[in-house]
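# Commentary on secondary and tertiary structure
Chain by chain, the residues run as shown.
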Amino acid sequence: MKILVIGQGGREHAIAWKLAKSKRAEAIFVAPGNGGTSHEEKCVNIDIDVLDFEAIKQFILDHSVSLVVVGPEDPLVQGIKDYLIGCDVMVFGPDSVAAQLEGSKIYSKEFMFENNIPTGEAKFFSEARLAKEYLDKINFPIVLKADGLAAGKGVLVTENRQEALDWIDDVMENSKFGDAGQKILIEECLYGTELSFMGIMTPDCFIPFETSIDYKPLLDGNKGPNTGGMGCMSPSPFMNDELKSYIVKEVVNPTIDGLRKRGINYYGFMYFGLMVKDNKPKVLEYNCRLGDPETQCLMMQMESDFLEILLSCLEDKKPNIEWNTGASMGVVIASGGYPNAYQKGEKITLGDVGDCKLFHAGTQSLNNELVTSGGRVFSLNYQSKTIDDCKKYIYEKISSVDFSNCIHRTDIGDIYES
Ligand code: AMP
Ligand code: GLY
């Protein structure tokens, strides 16, 4: 079977690598892919943008692709699945209506309120004046969120009224995030430990993946600005059986029922972003994709044939996923300056990473040379019996990946209670 993976990050490299291990995978095209996917067994990069639906459709028809696996949220929210209807291809990912769970924070909040899913209280605004007036009536800290997709930058948690007023001006009056910020939410600030719970959602059930956590702050000690994630480990030390069954009962099952009530047939990945306090979760967000870099750890942990799992789910058969009993960990190597401005085009030197798996994220092959092309450039991953083993091994090897001004955290694997 020929498969097309949409995306270009570390998550998509890990997905393509794992799919390629399946006997049934004949060829894996990655659009557009990166400097890592281009060298992976059975994988071929194709130079098509993730939002160029017409070119994607033509490629699928020309190359008899049977399955499309969509990595990032943008093409899902913009309706890649809807666009490919009638193409005789299976698409793993929700349609544009279902993807509103991630694409519109107001849609998802209303969905949660409607289905009694635990989440922070919030009010919605489409006029800056009313949003600002509301700030006088509430206690800080608060959370401000742009309704639409803003490349992970649309949320401000603040204790400062002036900062909140400035954010409203920037986002609503000066369109900092374009249309995505024309409507906003002002949300109650939640406290606790953040936890991601991911898996596959079908109309009848949710198939959870092994648990994982990512390390969002840039710097050691969980300090500094938020990033997409500077490392991850699996399983999560914060998950326990009681919490898991609570999540299933209070969050997962009502989400399945809520989708059914809205007549939505959801087939795809689902990532619940949760805040857990006193072993009780509240939903921060839904994502209709897998996490990055969590996926890199999860693909290392998964024993089962990933392609068979995806195909079973699309045929409404509930697969049993086997997971490695040990642990896996990944450390992100990023360009200095990230998550703000950083240099691209830095020449990369790759030494011997031993038994680590190096997933590329922001790399590109240019004139037969590997150069940086993004903020998060690689993640170095290892699977072993314990997190301590992983940590020791990865940090022994990490200096074999080098480029000018590269940075990484030195404490991935440490446990921070927040
Ligand atoms: P979101 O895109 O909604 O997940 O928000 C991005 C990040 O902002 C989350 O990962 C949290 O760290 C933080 N955040 C979002 N909503 C809240 C909230 N209600 N209370 C506290 N922190 C939040
Ligand atoms: N690592 C967090 C995310 O993918 O949203």
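See above for the structure.
The shown structure was predicted, so the numbers you read here are calculated from the model rather than taken from an experiment.

Counting buried positions along strand E1 (residues 2-7) gives 5 out of 6 residues, so the element sits mostly inside the fold. The pairing of E1 with strand E2 (residues 27-32) spans 6 bridges and is classified as parallel. Note that in E2 the partner of valine 5 across the bridge is valine 30. Handedness of the crossover is the feature at issue here: the chain leaves E1, passes through helix H1 (residues 10-20), returns alongside E2, and the resulting connection is right-handed. One ladder, built from 4 bridges, connects E1 with strand E4 (residues 67-70); its direction is parallel. Paired with leucine 4 across the bridge in E4 is valine 68.

For the rest of this paragraph, the subject is the packing of aromatic side chains. All chains considered together, the criterion is met by 14 aromatic pairs. Taking 5.2 Å as the distance between ring centres and 45° as the angle between the ring planes, the aromatic pair formed by phenylalanine 125 and tyrosine 134 counts as tilted. Residue classification places phenylalanine 125 among the buried residues on the basis of a relative accessible area of 10%. Positioned above the aromatic ring of tyrosine 83, the side-chain terminus of lysine 57 is 5.1 Å from the ring centre. One residue, arginine 262, lies across the ring of tyrosine 107, its end atom 4.7 Å from the ring centre.

Let us now look at the environment of aspartate 316. Following the sequence through the fold, aspartate 316 ends up in the loop between helix H11 (306-314) and strand E18 (327-335). Aspartate 316 sits in the partly exposed class, given a relative accessible area of 44%. Along the backbone, aspartate 316 and proline 203 are 113 residues apart, and their C-alpha atoms lie at a distance of 8.3 Å.

What follows covers the site of ligand 1. As a matter of local geometry, ligand 1 sits amid 13 residues, with Glu187, Glu188, Leu190, Glu194 and Glu285 nearest to it. In this structure, a nitrogen atom belonging to ligand 1 sits 3.0 Å away from a side-chain N or O atom of lysine 145. Residue glutamate 187 places a side-chain N or O atom 2.9 Å away from a nitrogen atom belonging to ligand 1. Notes on ligand 1: free accessible area 460 Å², of which the protein chains cover 86%.

What counts, and at which threshold
- Residues numbered from 1 in each chain as written.
- Chains lettered and ligands numbered in written order.
- Predicted model: local features only at pLDDT ≥ 70, side-chain atom pairs only at ≥ 80, totals over all residues.
- Heavy atoms only, no water.
- Buried < 20%, exposed > 50% of the residue type's maximum accessible area, 1.4 Å probe, protein only.
- Helix = DSSP H or I, 4+ residues; strand = E, 2+ residues; numbered from the N terminus.
- Pairing = 2+ DSSP bridges.
- Right-handed = clockwise from strand over helix to strand, strands pointing away.
- Phe/Tyr/Trp six-rings, centres within 6.5 Å; stacked < 30°, edge-to-face > 60°.
- Lys NZ or Arg CZ within 6 Å of the ring centre and 35° of its normal.
- Near = heavy atom within 4 Å.
- Polar contact = N/O pair within 3.5 Å; in protein donor to acceptor, adjacent residues only side chain to side chain.
- Areas by Shrake-Rupley, 256 points an atom, 1.4 Å probe, with all protein chains shown as cover.

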